[in-house]
Amino acid sequence: MSEAGRFALARSRTLEPLMTLAVWGSAFLVTGAFLWLVGDLLWHGAERLSWAFLSSSPLNAGRTGGIGPILVSTLLILGVTVAAAVPLGLATAVLLTEFLRPRSWFGRLVGLSLDVLAGVPSIVFGLFGNAFFSVFLGLGFSILSGGLTLACMVLPILIRTAEASLRAVPDDWRLGSAALGLSRTAALRHVLLPAASSGLVAGLLLGVGRAMAETAALIFTSGYVDRSPSSLLDSGRALSVHIYDLSMNVAGGDGNAYASALVLIGLLILINGTALYLAEHWLNRRIMTP
Amino acid sequence: MIWSKRSISSPLSVDTRLAGWLSVAAGLTATVLVVIVLFLLHESWPVLKRIGWLRFLTDVAWHPSEELFGLAPMLLATLVSSAGALVLAGGLGVASALFCRFYAPPSAARPYRRMVTLLAGIPSVVFGFWGLTVLVPLIARWQPPGVSLLAGILILTLMILPTVALTADAALAAVPKAYLHGAAALGISRSGTILRVVLPAARSGIIAGLLLAAGRALGETMAVLMVAGNVVQTPHSLFDPVRTLTANIALEMAYATGEHRAGLFVSGLVLTGMIILLAVAALRLGGARSHV
Amino acid sequence: MPRLSLNRYLSVLSIMLFVATTASTPQAADRKLVLTGSSTVAPLMVEIGKRFERGNPGVRVDVQSGGSSRGIADTRSGLADIGMVSRALKPDEQDLKSFTIALDGITLIVHRDNPVQTLTDPQIVDIYTGKITHWGALGGADRPITVVNKAEGRSTLELFLHHFRLKSGDIKAQVVIGENQQGIKTVAGNASAIGYVSIGTAEYEAAQGTPIKLLPIAGIDASVENVRNGRFPLARPLNLVTKMEPEGLARQFIDFSRSESVHDLVQAQYFVPLER
């Protein structure tokens with residue numbers, strides 16, 4: 001074996017266990033941090049979880065009572081966010097990957113603006129949302145206002161992951177559809193989007209997570225009212241705002257803050273599970289993967 | 001369908017229509033940022049007009065009530081905390097993605113991925129709360145006061161880790177299987193394949209993920225507010241309390257009026273400017289996405 | 001399985017939006033009150049608002065937070081009917097009418113395990129201006145003092161500065177906090193910390209077992225009782241403000257908030273109700 005070959009073999013003999021150690025070690029670190037955090041939440045908040053907690057209204061500034069109306073507001077805000085961000089985001093991602101040349105100036109401009117948007121502080125989004133949606137467009141403190149602001153916030157994540165998923169679909173499939181005489185629109189609808197669906201759903205879940213985690217943006221847009229909203233133009237308190245208020249503003253609110261945080265995580269698990277299930281059984285069925 | 005085309009190379013009308021609609025959507029997406037920047041400029045105009053840009057960097061301290069608008073220590077704190085978090089989260093995140101794709105048994109990879117996705121959804125308030133009640137006292141026992149640059153970096157790492165991990169995961173998945181098969185056929189070890197074949201191929205996707213994470217780190221408000229100490233000073237050690245630009249806006253916006261308020265919006269502009277620079281730099285580094 | 005076409009999706013969406021935005025029973029404009037302002041006062045007003053709604057069916061009281069200066073700005077611009085402010089009005093805010101609904105005291109707190117029992121005013125000033133830096137100099141353990149201060153602009157800070165005759169720039173702090181709870185948690189987690197927070201909150205937390213201790217000021221114990229009887233020197237008013245002399249629903253609500261029927265709510269939030 002040549003000198004260089006022996007070097008390479010020797011290097012890989014120490015590198016392999018080192019890499020394995022580094023990767024497994026990182027995985028353990030991350031899992032450990034997660035368990036520590038969730039464990040702390042469970043330790044302090046699990047005793048307050050009950051069906052009554054989920055359905056009744058908050059009492060005594062949220063210290064006792066439940067989070068029923070707040071769950072309603074949260075889900076409504078999430079609904080508005082997804083309804084606004086998904087079509088817009090998907091359309092932009094499709095344009096960027098399928099219709100624009102790789103180095104087109106428009107594509108690069110949109111890409112740049114997305115990356116910058118991802119970094120705008122959440123409180124600036126809150127102030128902007130307040131000035132634009134609540135005041136300028138006249139929506140006031142409302143679910144709609146909060147949802148649209150959050151939609152602006154999750155657009156970068158949605159678009160970037162949708163882009164990545166679409167690019168992962170092999171070009172052969174595009175060429176094949178063209179050979180079959182499909183228009184690009186039809187190819188998108190019947191071939192490409194279903195093929196990219198698992199990645200699209202993953203991006204959606206990441207975006208939903210980001211939306212549910214948001215606090216500062218919602219205090220100024222969807223507001224503080226803890227009543228169940230009767231329309232999208234009503235103000236409604238989101239779960240993250242409630243957690244913030246209970247832990248930082250209300251003396252003695254810690255107990256319910258922990259419990260609400262657990263409910264939020266539970267809600268995320270539910271949404272994640274449902275979305276992944278739908279993706280596997282509904283969308284993926286249309287495509288036979290080799 | 002084909003008979004409706006005018007010539008072999010002209011696009012179908014349904015496709016041009018779709019491209020039209022998509023362009024409108026993309027244009028709308030791009031204008032969101034423009035509107036936000038305009039908003040920031042509009043709100044910060046009063047103080048910019050009277051005091052000008054330079055004083056925001058050269059003034060010795062941040063005391064708007066005494067007409068001092070020095071942003072430099074907070075700018076440094078923002079940069080250092082985000083950079084530290086990016087380094088840590090970058091390493092841990094890419095390692096997590098590698099774990100899912102190459103090292104974990106299938107029964108472990110899926111729950112791990114679900115756990116990381118879940119981590120992405122935990123509110124910044126909860127991170128901050130946990131940091132304040134668990135992490136900070138721990139650090140305080142080692143070196144008071146506990147609230148510090150270190151605490152900020154650790155919490156930020158946890159928060160941006162999912163973004164890095166999940167986008168890196170998607171980037172790794174996009175590496176053509178042919179590359180992996182080729183590497184195996186050549187007898188390259190797993191670590192060699194990863195370092196020499198997979199990571200370079202997934203480079204642009206990973207950098208895109210890092211950029212998203214950097215943006216998130218720079219823009220994070222609530223959690224750093226609770227654990228970093230919020231003292232306006234240039235940090236000399238990891239254990240010094242610091243105030244980031246975002247925490248400054250959050251702390252003082254509620255009670256600021258007039259020029260003080262406008263000054264806070266200027267710091268928002270500075271942040272946006274930083275991110276634009278970062279994004280442009282990443283564009284140069286990452287290059288065009290590789291299409292196979 | 002048939003997929004929803006884009007057109008169908010859009011029409012379903014627009015119908016849903018239309019229904020959702022118009023589904024509420026129409027409320028006449030003068031049966032709704034919007035309050036914005038101080039996040040300290042907001043939880044109290046939420047509870048008072050709920051009780052008011054129960055006694056006056058058809059009325060809605062919407063409470064938003066955002067800070068005292070937002071309360072003032074929104075009241076002036078008409079976005080809010082009533083503003084919540086956690087301090088007395090400043091000289092340049094005298095165009096507004098203010099109505100005090102409760103009092104809130106401010107106390108110094110240290111960790112429960114800190115052997116120091118009391119501090120004189122000059123000692124407090126020296127700690128906060130950085131002249132005394134170790135607890136050893138005050139009879140405690142030899143540990144560096146972690147000074148916790150409030151962020152600029154907060155009324156608690158301004159009250160503190162005013163009482164001890166300091167300027168904001170004089171204070172040398174190791175930690176700067178925003179909300180009261182952050183202060184309590186910081187001191188509870190650090191055996192060498194000292195900070196100042198609302199009395200009612202501190203009393204409650206100490207009673208719950210949080211490891212903090214309230215320090216007397218100038219010999220007078222820090223307690224809600226002492227704020228109520230006026231002996232405690234550091235106290236601030238919690239105010240509702242309006243642009244002009246309030247009338248109609250706003251007047252009713254403000255009177256309700258200052259009446260005896262909500263004293264229990266005020267106390268439940270650990271503030272001190274006003275004796276009329």
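Residues numbered from 1 in each chain as written. Chains lettered and ligands numbered in written order. Predicted model: local features only at pLDDT ≥ 70, side-chain atom pairs only at ≥ 80, totals over all residues.

### Looking at the overall build of chain A
Piece 1. What chain A contains, in helices and strands, is twelve helices and two strands.
Piece 2. Each of the 290 residues in chain A was classed as buried or not, and the buried ones make up 57%. (Helix = DSSP H or I, 4+ residues; strand = E, 2+ residues; numbered from the N terminus. Buried ≥ 20, exposed ≤ 12 C-beta atoms within 10 Å, placed from the backbone.)

### With respect to the overall build of chain C
Piece 1. A tally of regular secondary structure across chain C gives ten helices and ten strands.
Piece 2. For chain C, the share of sequence-separated contacts (at least 6 apart) that also reach a separation of at least 24 residues comes to 71%. (Contact = placed C-beta atoms within 7 Å.)

### Overview of the interface of chain B and chain A
Interface size is commonly expressed as the accessible surface area that is lost when the partners come together.
Piece 1. Each partner contributes residues to the interface: chain B has 82 residues there, and chain A has 77 residues.
Piece 2. Residues that form the side of chain B that touches chain A fall into these classes: 59 nonpolar, 18 polar and five charged. (Nonpolar A, V, L, I, M, F, W, Y, C, P; charged D, E, K, R; others polar.)

### Observations regarding the interface of chain B and chain C
Piece 1. Contact residues are listed per partner, giving 26 residues for chain B and 25 residues for chain C.
Piece 2. Counting residues per element, the side of chain B that touches chain C draws most heavily on helix H5 (residues 124–142) of chain B, which supplies five residues.
Piece 3. Its residues assigned to classes, the side of chain B that touches chain C comprises 16 nonpolar, seven polar and three charged.

### Some words on the nonpolar core
Piece 1. Formed by 264 residues in total, the largest nonpolar core has its most connected members in Leu 155 of chain A together with Ala 151, Ile 155 and Val 227 of chain B.
Piece 2. Beyond its immediate sequence surroundings of up to four residues, Leu 155 of chain A is in contact with Ala 85, Leu 88, Gly 89, Leu 114 and Leu 117 of chain A together with Thr 29 and Val 32 of chain B. (Core = buried A, V, L, I, M, F, W, Y, C linked by C-beta atoms within 7 Å.)

### Description of the packing of helix H3 (residues 68–99) of chain A against helix H9 (residues 197–213) of chain A
Residues and elements named next belong to chain A.
Piece 1. Packing of H3 against H9 leaves a shortest axis separation of 11 Å and a crossing angle of 135°. Considering their axes alone, H3 and H9 lie oblique with respect to each other. For the element pair H3 and H9, the recorded crossing hand is right-handed. Touching Leu 78, Thr 81, Val 82, Ala 85 and Val 86 of H3 are Leu 204, Gly 207, Val 208, Ala 211 and Met 212, all from H9.
Piece 2. Grouping the constituent residues of the contact of H3 with H9 by class yields eight nonpolar, two polar and no charged. (Axes fitted to C-alpha atoms, helices over the stretch in contact; angles between N-to-C directions. Parallel < 35°, antiparallel > 145°, perpendicular 65-115°, else oblique. Left-handed = near helix turned anticlockwise from the far one by under 90°.)

### What about the environment of Arg 112 of chain C?
All names here are of chain C.
Piece 1. Tracing the sequence through the fold places Arg 112 in the loop between strand E4 (97–111) and helix H4 (121–128).
Piece 2. For Arg 112, a count of 14 C-beta atoms within 10 Å gives the class partly exposed.
Piece 3. Separated by 75 residues in the primary sequence, Arg 112 and Val 187 place their C-alpha atoms 9.3 Å from one another.
Piece 4. Those residues in contact with Arg 112 that lie beyond four places of it in its chain are Pro 211, Ile 212 and Lys 213.

### Looking at the pairing of strand E3 (residues 82–85) of chain C
Residue and element names in this part refer to chain C.
Piece 1. Along E3, one buried face is formed by Ile 82 and Met 84 and the opposite face, lined by Gly 83 and Val 85, is buried too.
Piece 2. With three bridges connecting them, E3 and strand E9 (residues 235–242) associate as antiparallel partners. Across the sheet, the residue bridging to Gly 83 is Val 241, located in E9. (Pairing = 2+ DSSP bridges.)

### Quick word on helix H4 (residues 105–117) of chain A
Piece 1. The end-to-end C-alpha distance of H4 of chain A, which contains 13 residues, comes to 18 Å, matching closely the 18 Å that a straight helix rising 1.5 Å per residue would cover.
Piece 2. Within the sequence span of H4 of chain A, burial applies to Val 110, Gly 111, Ser 113, Leu 114, Asp 115, Val 116 and Leu 117 of chain A. (Expected span 1.5 Å × (residues − 1).)

### Observations concerning the confidence of the model for chain C
Residue and element names in this part refer to chain C.
Piece 1. Predicted confidence across chain C gives a mean pLDDT of 84, with 89% of residues reaching 70 or more.
Piece 2. Within chain C, the lowest mean pLDDT, 61, falls on helix H1 (residues 6–22), and the highest, 92, falls on E3.
Piece 3. Below a pLDDT of 50 lies the segment residues 23–29, which in the model reaches seven contacts outside its immediate sequence neighbourhood of four places, other chains included.
Piece 4. Among the prediction metrics, the complex's ipTM stands at 0.82, with pTM recorded as 0.85. (pLDDT = per-residue confidence, 0-100.)

### As for the packing of helix H6 (residues 143–168) of chain A against helix H9 (residues 203–219) of chain B
Piece 1. Between H6 of chain A and H9 of chain B, the least distance of the axes is 11 Å, while the angle of their chain directions is 175°. When the axes of H6 of chain A and H9 of chain B are compared, the pair comes out roughly antiparallel. Of the residues in H9 of chain B, those in contact with Pro 156, Ile 157, Arg 160 and Ala 164 of chain A of H6 of chain A are Gly 205, Ala 208 and Leu 212 of chain B.
Piece 2. A breakdown of the residues in the contact of H6 of chain A with H9 of chain B according to their chemical character gives five nonpolar, one polar and one charged.

### A closer look at the pairing of strand E7 (residues 193–198) of chain C
All names here are of chain C.
Piece 1. A large share of E7 lies buried, amounting to six of its six residues.
Piece 2. Relative to E7, E4 is paired through five bridges, and the arrangement is antiparallel. Counted as the bridge partner of Leu 108 is Tyr 196 from E7.
Piece 3. With two bridges connecting them, strand E5 (residues 146–150) and E7 associate as parallel partners. In the sheet register, Val 147 faces E7, and the bridge partner there is Ile 194.

### Here we look at the confidence of the model for chain A
Piece 1. Predicted confidence across chain A gives a mean pLDDT of 85, with 93% of residues reaching 70 or more.
Piece 2. When pLDDT is averaged over each element of chain A, H3 of chain A comes out on top at 92 and helix H1 (residues 3–45) of chain A at the bottom at 81.

### Observations concerning the environment of Gly 153 of chain C
Piece 1. Relative to the helices and strands, Gly 153 of chain C resides in the loop between E5 and helix H5 (155–164).
Piece 2. Given 21 C-beta atoms within 10 Å, Gly 153 of chain C falls into the buried group.
Piece 3. When neighbours within four sequence positions are excluded, Gly 153 of chain C is seen to be in contact with Glu 252, Tyr 255 and Ala 256 of chain B.

### Overview of the environment of Val 80 of chain B
Residues and elements named next belong to chain B.
Piece 1. For Val 80, the position within the fold is in helix H3 (residues 72–103).
Piece 2. Residue classification places Val 80 among the partly exposed positions, given that 18 C-beta atoms sit within 10 Å.
Piece 3. Each C-alpha atom, one on Val 80 and one on Leu 218, is 9.9 Å from the other, the two residues being 138 residues apart in sequence.
Piece 4. Apart from the residues lying within four places of it in its own chain, the contact partners of Val 80 are Leu 149 and Pro 235.

### Structural notes on unusual backbone geometry
Piece 1. Here Asn 230 of chain B, not a glycine, exhibits a phi torsion of approximately 60°, which is positive.
Piece 2. Among the structural elements, Asn 230 of chain B can be located in the loop between helix H10 (222–227) and helix H11 (245–253).
Piece 3. Judged by the 27 C-beta atoms lying within 10 Å of it, Asn 230 of chain B is buried.
Piece 4. With a phi close to 65°, Tyr 270 of chain C is a non-glycine residue in the positive phi region.
Piece 5. Its place among the elements puts Tyr 270 of chain C in the loop between helix H10 (263–268) and strand E10 (272–273).
Piece 6. Overall, the presence of 23 C-beta atoms within 10 Å leaves Tyr 270 of chain C in the buried class.

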